[in-house]
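# Tertiary structure, described
So the chains spell out like this:
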Amino acid sequence: MLKLPLDISSFAQLRRLNYLYVDKTEYAYNLITGGRRFFLARPRRFGKSLFVSMLQEALTGNRDSFKNLWIDSSDFAWKQHGVIVLDLSSMGINDVASFDKGLCYTLQKIAEDYKLAISLDTVKPELALNGLVKALHKKFGAVAVLIDEYDNPILHALKDVELATAIRDATRRFFAAIKALDAEIDFVFITGISSFSKAGVFSGMNNLQTITLDQRYAGICGYTEQEIASNFSNYVQHWAHASQTSSELLRQEIKNWYNGYRFSKSDVAVYNPFSLMHALAAQEFRNFWFLSGTPTFLVDMMRRESRTFDAEKLEVSEDSLGALDVHAAPLVVLLFQAGYLTIVDYDPSNHFYKLDYPNAEVKVAFQKYLLQAITNINVTSLEILAKDFKAALQKRDMAELRDILLQLFSHIPYQLHVKEEKYYHSLLIMLCIASGVEVSSEYSTSDGRIDLILHVPNVIYVAEIKFNKSAAQAIAQIKERGYYKPFLAKNKLIVLLGLSFVREPHHFDIELEHEEL
C-alpha cells in the first residue's frame, strides 16, 4: 500500500515520494481549458491547498509529475506559465500593515525564484504585483495567479469589525490590481472558506466564476464513494482484518463517521479527506478534523448567539450560503462555509437548501463545543461530565444523574437562560449527543409526542421535560398517554423519567422522578 499523505500538501513532493494521490486532474483540465477566472470555497483541511499545488505544477508545464494520471492521457497543451502562488494563511497577517508587507515580500521572493532581474515595490503590493506580472509575461508569454485561503486574515479578525473591514478593503484593492492586469494574466484561481462578496471583496474582480455550489465541481475536494472504492479498499481491508470485523461493516461505519459533505443541488456526497486518511492510518474512529483546530471566531460567535441551536430545522437560500458581510456574519452561514453544516436537501420550488450536520464526527464534536460555549465549562471538564452522564444512565443512578445536570446547567449565566421548556429540551439533546447516548427527540405516538427517548445498553428511558412545573406531572403525562407502550416489545428495561427545570431570579434547581417498568 502507498503511504498516506497525512501531512503533505505539495503535489510535486507527494508524487516524487510516491504517496497515494486521488486523481483530481480532470477538474484541473476543465478549469484551465474552460475559463480564466475562478473562485472556490471549501472548509479547512479539505484538499484546497493540494489542489492549488497541483494546478501550479500543471500550469508550470511539469508533465513528469502527472504520469499515469487522467490529464497525462488528455489533449492538455502543457503550456508553461509564470505562476504566482500566494497563501494568505502563511504570511502572519494580523493587520493592514502586515498584509502589505507579507504580500510584497512574497512577490519579491517569487521574482527571485524565477531569477528575474527586477526590484519590486516594497510598500504597495498592488505595484509589486504589477511589476512581477509584467516581467513574467515578458519571459513566458502567459501568467497564472493562484491565491489560497484568501479570507484567512479576515476571518481571524472578525471579532474586531473595524480591523476585519480594513483587511477586507486591502484585499479588495489587491484583487482590483489583478483585474487591472487582465490582458497579462491568463488564469486566476482563488480559494477560501467564505465568500465576502456582499461586502465588496470581489467587486474589483467581477469576472470571477464562483464554482462553490456548481454541480460540475461537487467532487473537486474530498473523496466520493467511487474514489474510496478505487483508492482505499486495501487500507479498509487491512483495518478490518486488524479489528476482526468485515470490510463491509467497517466501510459503513467509516461512511457514518466521515462522509456526508455535499456542495451542490445534486446528491453527490464526499468524505472529509483529512479525517478519512487519519482514521485509516490510526485504524480507529476519532474526531480528527474537529480536533485539528476549531476557529476561535466560531467559538466566540457560538457563545454569543447559539443558545438553542437546532441543525435539523435550518433552511437557507443560495444567496445566503454564498456570501458574508463583515458587519453581519450569520452563524449558520459561517458554520456551513466552515464545514460544520452541509447541504442535505434542495427544494427547487423556492430555491432553498436544507442544512444539517454532515456526519457523526462533526455532530458529536460540535455538540460538545456548543455545550461548552453555552455553559462556560472547559472542554476537558465537559467531557468528564458527558462520560459520567452516560454512566449514570447505564447504572440507573438518579441521584448522580441529577447532580451532573445541576453541575452542567447551573454554570449557564442567568441572562442566557431562556424560560421555555424547549430550551432545556435542546440542552439535553446536546448533552446526549456529546455523551454518545442514542437519543430520539419528539418521538410521535398515537397519543402525542414524547419529548425524549434515550437508549443505553439494556435500558430505554422515556423522558418528559417540564419548566417550572413538577416532575410528578411529567411522570403522570407519560403514564396517562402510554408513551412507554411502543417499547414494551423491545425486551429492555423501561425507565419513565420526569425532569422539571425550575428557574427563578437567583435560583435554579432540577426536580427528577422516575419509575421502572
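Before reading on, note that the structure itself is shown above.
Now for a quick tour of the structure. Keep in mind the model is a prediction, meaning the values are calculated, not measured.

Core analysis: the biggest nonpolar cluster contains 174 residues, and Ile84, Phe189 and Phe232 have the highest contact counts within it. In this structure, Phe232 is in contact with Leu4, Leu20, Val22, Tyr223, Glu227, Leu276, Met277 and Leu280, ignoring residues within four places of it in sequence. If you look at the next biggest cluster of nonpolar residues, it comprises 11 residues, including Ile453, Ile475, Ile478 and Tyr484.

The subject of this paragraph is the pairing of strand β3 (residues 143–148). Burial analysis of β3 places six of its six residues in the buried class, the great majority of the element. Bridge analysis of strand β2 (residues 82–87) against β3 gives six bridges, and the strand direction is parallel. The partner of Val83 across the bridge, within β3, is Ala144. In terms of strand pairing, β3 meets strand β4 (residues 187–192) through four bridges, oriented parallel. If you follow Ala144 over to β4, its bridge partner there is Phe187.

Right, let's get into the layout of surface pockets. Looking at the largest pocket, its volume works out to about 860 Å³. What lines the largest pocket is a set of 39 residues, among which Arg44, Arg45, Phe46, Gly47 and Ser49 lie closest to the centre. Those elements giving two or more residues to the lining of the largest pocket turn out to be α3 (48–60), α6 (152–156) and α11 (273–282). In terms of residues, the lining of the largest pocket owes the most to one element, α3, which gives five residues. Here the residues of the lining of the largest pocket sort into 21 nonpolar, 11 polar and seven charged.

The end-to-end C-alpha separation of helix α18 (residues 398–409) is 16 Å, in line with the 16 Å expected for 12 residues at 1.5 Å each. Where α18 is buried, its residues contact α16 (360–375), α17 (379–395), α19 (421–435), β13 (459–467), β14 (493–504) and β15 (507–516). Sitting at the head of α18, Asp397 places a side-chain oxygen 3.4 Å from the backbone nitrogen of Ala399.

Turning next to the packing of helix α5 (residues 125–140) against helix α7 (residues 161–180). One can describe the packing of α5 onto α7 by two numbers: an axis separation of 9 Å at closest approach and a directional angle of 25°. Between α5 and α7, the angle falls in the class roughly parallel. As α5 runs across α7, the sense of the crossing is right-handed. Contacts between α5 and α7 pair Pro125, Glu126 and Leu129 from the former with Ala170, Arg173, Phe174, Ala177 and Ile178 from the latter. Partitioned by chemical class, the residues of the contact of α5 with α7 number six nonpolar, no polar and two charged.

The subject of this paragraph is the sheet that holds strand β11 (residues 438–445). With mixed pairing, five strands are arranged side by side in an open sheet as β11-β12-β13-β14-β15. Edge positions in the sheet fall to β11 and β15, since each of these pairs with one other strand and no more. Direction aside, neighbouring strands of the sheet carry axes that sit 25° apart on average. Contacting β13, β14 and β15, α18 runs over the sheet at an angle of about 155° to β15.

Our next topic: the pattern of salt bridges. In total, this model carries 19 salt bridges according to the counting rule given. With its nearest N and O atoms 2.6 Å apart, the salt bridge here joins Arg216 to Asp214. Between Glu515 and Lys479 there is a salt bridge, with its nearest N and O atoms 3.3 Å apart. Highlighted residues: Glu515 in strand β15 and Lys479 in helix α20 (residues 471–480), separated in sequence by 36 residues. Residues joined in a network through salt bridges with shared partners are Arg36, Arg37 and Asp182.

Structurally, Asp319 is set in helix α14 (residues 318–322). Once the C-alpha coordinates of Asp319 and Phe352 are considered, the two residues, 33 residues apart in sequence, prove to be 9.4 Å apart.

This paragraph deals with the sheet that holds strand β10 (residues 352–356). A sheet is described by the order of its strands in space; here three strands give the open sequence β8-β10-β9, paired in antiparallel fashion. A single partner strand is all that each edge strand has here, and the edge strands are β8 (314–317) and β9 (342–347). Neighbour-to-neighbour, the strand axes of the sheet open up by a mean angle of 35°, direction not taken into account. Here β9 runs beside β10; their pairing, made up of five bridges, is antiparallel. Considered in β10, the bridge of Thr342 is made with Asp356.

Definitions and cut-offs
- Residues numbered from 1 in each chain as written.
- Predicted model: local features only at pLDDT ≥ 70, side-chain atom pairs only at ≥ 80, totals over all residues.
- Heavy atoms only, no water.
- Core = buried A, V, L, I, M, F, W, Y, C linked by side-chain atoms within 4.5 Å.
- Buried < 20%, exposed > 50% of the residue type's maximum accessible area, 1.4 Å probe, protein only.
- Contact = heavy atoms within 4.5 Å.
- Helix = DSSP H or I, 4+ residues; strand = E, 2+ residues; numbered from the N terminus.
- Pairing = 2+ DSSP bridges.
- 1 Å grid on protein atoms, 1.4 Å probe; cavity = no way out; pocket = protein on both sides within 12 Å on 5 of 7 lines; lining within 4 Å.
- Points joined across faces, edges and corners; volume = space filled by probe spheres on them.
- Nonpolar A, V, L, I, M, F, W, Y, C, P; charged D, E, K, R; others polar.
- Expected span 1.5 Å × (residues − 1).
- Polar contact = N/O pair within 3.5 Å; in protein donor to acceptor, adjacent residues only side chain to side chain.
- Axes fitted to C-alpha atoms, helices over the stretch in contact; angles between N-to-C directions.
- Parallel < 35°, antiparallel > 145°, perpendicular 65-115°, else oblique.
- Left-handed = near helix turned anticlockwise from the far one by under 90°.
- Salt bridge = Lys/Arg side-chain N within 4 Å of Asp/Glu carboxyl O.

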